[in-house]
Amino acid sequence: MADLIKSLPDSLEVTPVIDFTASETPQSKDAFLGSSAEPRLDRVASGVTASSSSSFPTPLAPLPEDVEAPLIPQPLIPTTDLEIPEGFLNLTKPAHPDDFDADLAMAGEKAAQIYCATCHMMPGPELLDRDTWLSSVLPTMAPGGSRYTPMANTGTLSLETINDPLKSAKILAPAINDQTWQSIVAFYGRNSPEALEPSTPARPIDFELPGFRVEFPDLFVQRPATNTIRIHPDRGHILVGATDPNMFLVFDHNLRLIQEARVSSPPTWFEPLTTNQGQSKMSVTLSGHMDPNDFQSGSLVFVDEQQGIPSYDRPIMPITRLRRPVSTRFGDLNGDGRADPVISQFGDTIGQLAWYESQRNGSFRERILIPRPGSLRSQILDYDDDGDLDVVTLMAQAREGVYLLRNQGNGNFETQILIQVPPVYGSSSFEMVDVNQDGKMDIIQTCGDNADFSQVFKPYHGVYVWENQGGDQFEIVYFYPVNGAFNAHARDYDLDGDIDIACLAYFPDYQTRREESFVYLQNEGGEFLDFHPFTVEQAFRGRWLPMDVGDIDADGDVDIVLGNFLRALMGPGTIPEDLRRGWEEPGPHFMLLRNQAR
């Protein structure tokens, strides 16, 4: 067997090597492609409108009848140890802090420290305005799948039990009585602000971004829905995964479309691979269904690749029945010479992070790392410099934070939380990178997911730099506020020897700060981190969701590509009419910022 890569850095830089054997059986092309081998798009190319085509949604695959949904037990809350004053909440609209009894609220703080912290880091009442707590978040978080709903006729709040299990999972909620729940509501109602103070950037965003040329492909489509985008690390091609319809598109470095194919469900991740025989493959992660769900309809597919262009004649689908997988990374985790996939199955109420041990016969053995939903993306690297590969992942649901899965050898991993944030922060991306160049990996994190139960602009949304203090301790040394920040990549874009940051926001404040939809933070050097924020006027041509960076034209600098996702216009605030009208016109799948540093 040929020598394989034993230690892989971030796969943006290196194509992993994976072992394929003759025992693998190619699947039918129809198992990977959609119902039509000749895909069509609603498009406008060179000013000519083509005929429209209908989209083919992937049918959801429910659990088989002989498989029960897993139970998710929660710890019992010792409510008998809490002194809860008698009384019932009588609220007026809008609620005022004095509407909530002080003693009840004081007891509620203790109850919240127990009840709320069973599933996630306890959020302080100051993190949301009072109305959002009372009308949205607390009704959703009520125990046992219940809803805490306002009673319009009486002006009071009461606990209304819903007997149906939460979606496909059977949730065993903590035991808590109505009066204890009332105390928690009183705690948040009495101590939350009427409104959140808007964030104010220390430096305004400059529109004259230096060193980049903005380019768009010639292909324009109605309401593009690019949900994933990658730059091929070897070929410089731009790989686009889109939904409605579900498509896989390949553009060359001149932004010409060179291939398109209908696929069976929304693609969420692409990863180029090399077999141990030196053949090029492409791994494609298919979500099964894009919107939140617990169905086991996702899969990992391998297709042949020729000159950087995928071939769909002999797809191999070795891993199926995945719950809403959103990313797949590869690395030799057990040192056997075969690269193993690490799959983030975000799911909804059920999900997991797992690695799949590559077997000699071409099959994969599932090894669960974190048995909870919310894993968004991972990096595989030798975090502790001990000669084997560790996994670092972002958990973006419930107990949000960046988790280290430290490799203990023999396929065993020890879990450690490196950083943790309250759930209302909306963790959306992370990267491990040595920002201050001291030899230790720091963390770049964005917080800005605003498609939840608290859709208001939050002053703590933005880009964070967590500096590695040693001993697995991280400290925030820089924060730039960006409403709805969703993705960031840190590189030395201008080749001046320090690390810059490119950030996009899917939920910016389009009314007052629309320029924050794309922000380039140029490092100005010095002893302390100081960044100059820039953007481009063309950023208003789309609403950007995925982003990737890489050297598209092989000229030695790093280019930036942003994916345009206009499938849904959810989020806080109001989108101005001029933007809405512009987005109703045919638009591009992506925007390229071609680096001119070389």
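Residues numbered from 1 in each chain as written. Predicted model: local features only at pLDDT ≥ 70, side-chain atom pairs only at ≥ 80, totals over all residues. Heavy atoms only, no water.

(A) Seen up close, the overall build of the protein. Of regular secondary structure, the protein possesses five helices and 37 strands. Within the protein, the proportion of its 598 residues that are buried is 56%. Summarising the internal contacts of the protein: among those between residues at least 6 apart in sequence, 60% fall at separations of at least 24. (Helix = DSSP H or I, 4+ residues; strand = E, 2+ residues; numbered from the N terminus. Buried < 20%, exposed > 50% of the residue type's maximum accessible area, 1.4 Å probe, protein only. Contact = heavy atoms within 4.5 Å.)

(B) Structural context of the environment of Glu109. You can see Glu109 is positioned in helix H2 (residues 102-115). Note: C-alpha distance between Glu109 and Ala186 (77 residues apart in sequence) is 8.8 Å. If we ignore the near neighbours within four places in the chain, the residues touching Glu109 are Met122 and Phe187.

(C) How the structure looks around the state of the cysteines. Under the defined criterion, the tally for this structure stands at zero disulfides. As a non-bridged cysteine, Cys116 has Cys119 as the owner of its nearest cysteine sulfur, 8.9 Å distant. (Disulfide = S-S within 2.5 Å.)

(D) Spotlight on the packing of aromatic side chains. Scanning the model with the defined rule gives 21 aromatic pairs in all. Here Phe302 and Phe330 contribute two aromatic rings whose centre-to-centre distance is 6.2 Å and whose plane-to-plane angle is 50°, an arrangement assigned as tilted. Of this pair, Phe302 sits in strand E16 (residues 298-306) while Phe330 is found in strand E18 (residues 325-331), placing the two residues 28 residues apart along the sequence. Assigned by exposure class, Phe302 and Phe330 land together as buried. Ring geometry for Tyr464 versus Phe479: centroids 4.5 Å apart, planes at 40°, classification tilted. Of the two residues, Tyr464 sits in strand E28 (residues 462-470) while Phe479 sits in strand E29 (residues 473-481), which places them 15 residues apart along the sequence. On the basis of relative accessible area, Tyr464 is assigned to the buried category, the value being 6%. Residue class for Phe479 comes out partly exposed when judged on its relative accessible area of 29%. Site record: aromatic cluster; members linked through ring pairs are Tyr425, Tyr460, Tyr464 and Phe479. Taking the ring centre of Phe540 as reference, the NZ or CZ of Arg514 above it sits at 5.5 Å. When the ring centre of Tyr506 is taken as reference, the NZ or CZ atom of Arg543 above it lies at 4.2 Å. (Phe/Tyr/Trp six-rings, centres within 6.5 Å; stacked < 30°, edge-to-face > 60°. Lys NZ or Arg CZ within 6 Å of the ring centre and 35° of its normal.)

(E) Quick peek at the packing of H2 against helix H4 (residues 178-191). Interhelical geometry of H2 versus H4 gives an angle of 105° and a closest axis separation of 6 Å. Put simply, H2 runs roughly perpendicular to H4. For the pair formed by H2 and H4, the contact residues are Ala102, Leu104, Ala105, Ala107, Gly108, Glu109, Ala111, Ala112 and Tyr115 on the first element and Thr180, Trp181, Gln182, Ser183, Ile184, Ala186, Phe187, Tyr188 and Arg190 on the second. Tallied by class, residues from the contact of H2 with H4 come to twelve nonpolar, four polar and two charged. (Axes fitted to C-alpha atoms, helices over the stretch in contact; angles between N-to-C directions. Parallel < 35°, antiparallel > 145°, perpendicular 65-115°, else oblique. Nonpolar A, V, L, I, M, F, W, Y, C, P; charged D, E, K, R; others polar.)

(F) Seen up close, helix H3 (residues 130-141). Turning to H3, its buried residues are Arg130, Thr132, Trp133, Leu134, Val137, Leu138 and Pro139. Of the residues flanking the start of H3, the one acting as N-cap is Asp129, its side-chain oxygen 3.3 Å from the backbone nitrogen of Asp131. (Polar contact = N/O pair within 3.5 Å; in protein donor to acceptor, adjacent residues only side chain to side chain.)

(G) Examining the sheet that holds strand E20 (residues 352-358) more closely. The sheet built from four strands is open, its strands ordered E18-E19-E20-E21 with antiparallel pairing. Where the open sheet ends on each side, the last strands, each with one partner, are E18 and strand E21 (364-370). Each adjacent strand pair in this sheet contributes to an overall mean axis angle of 25°, direction not counted. Two strands pair when backbone bridges link them, and E20 and E21 are joined in this way by six bridges, in the antiparallel orientation. Bridge pairing in E21 links Tyr356 to Glu366. (Pairing = 2+ DSSP bridges.)

(H) Up close: the side chain of Arg513. Structurally, the position occupied by Arg513 is in the loop between strand E31 (500-505) and strand E32 (518-523). Those residues in contact with Arg513 that sit more than four places away from it in its chain are Ser199, Thr200, Pro201, Pro481, Val482 and Asn483.

(I) Main features of the side chain of Asp434. Mapped onto the elements, Asp434 comes out in the loop between strand E26 (427-433) and strand E27 (442-447). As a buried residue without a salt bridge, Asp434 has its nearest oppositely charged side chain in Lys440, at a separation of 7.5 Å. Among the polar contacts listed, one links the side chain of Asp434 to the backbone nitrogen of Asp438, at a separation of 3.1 Å. Within the local environment of Asp434, its side chain forms a polar contact with the backbone nitrogen of Gly439, the two atoms lying 2.8 Å apart. Once residues within four sequence positions are removed from consideration, Asp434 is found in contact with Gly439, Lys440, Met441, Asp442 and Ile499. (Lys, Arg positive; Asp, Glu negative; His and termini not counted. Salt bridge = Lys/Arg side-chain N within 4 Å of Asp/Glu carboxyl O.)

(J) Summary view of unusual backbone geometry. A cis amide bond links Asp244 with the next residue in sequence, Pro245, at an omega value of 0°. Along the chain, Pro245 falls in the loop between strand E11 (238-242) and strand E12 (247-251). In this structure, Asp385 is a non-glycine residue whose phi angle is positive, near 55°. By the element assignment, Asp385 lies in the loop between strand E22 (375-381) and strand E23 (390-395). When its relative accessible area of 66% is taken as the criterion, Asp385 is described as exposed. For Leu495, which is not glycine, the phi torsion reads 55° and is therefore positive. With respect to the helices, strands and loops of the structure, Leu495 is situated in the loop between strand E30 (485-491) and E31.

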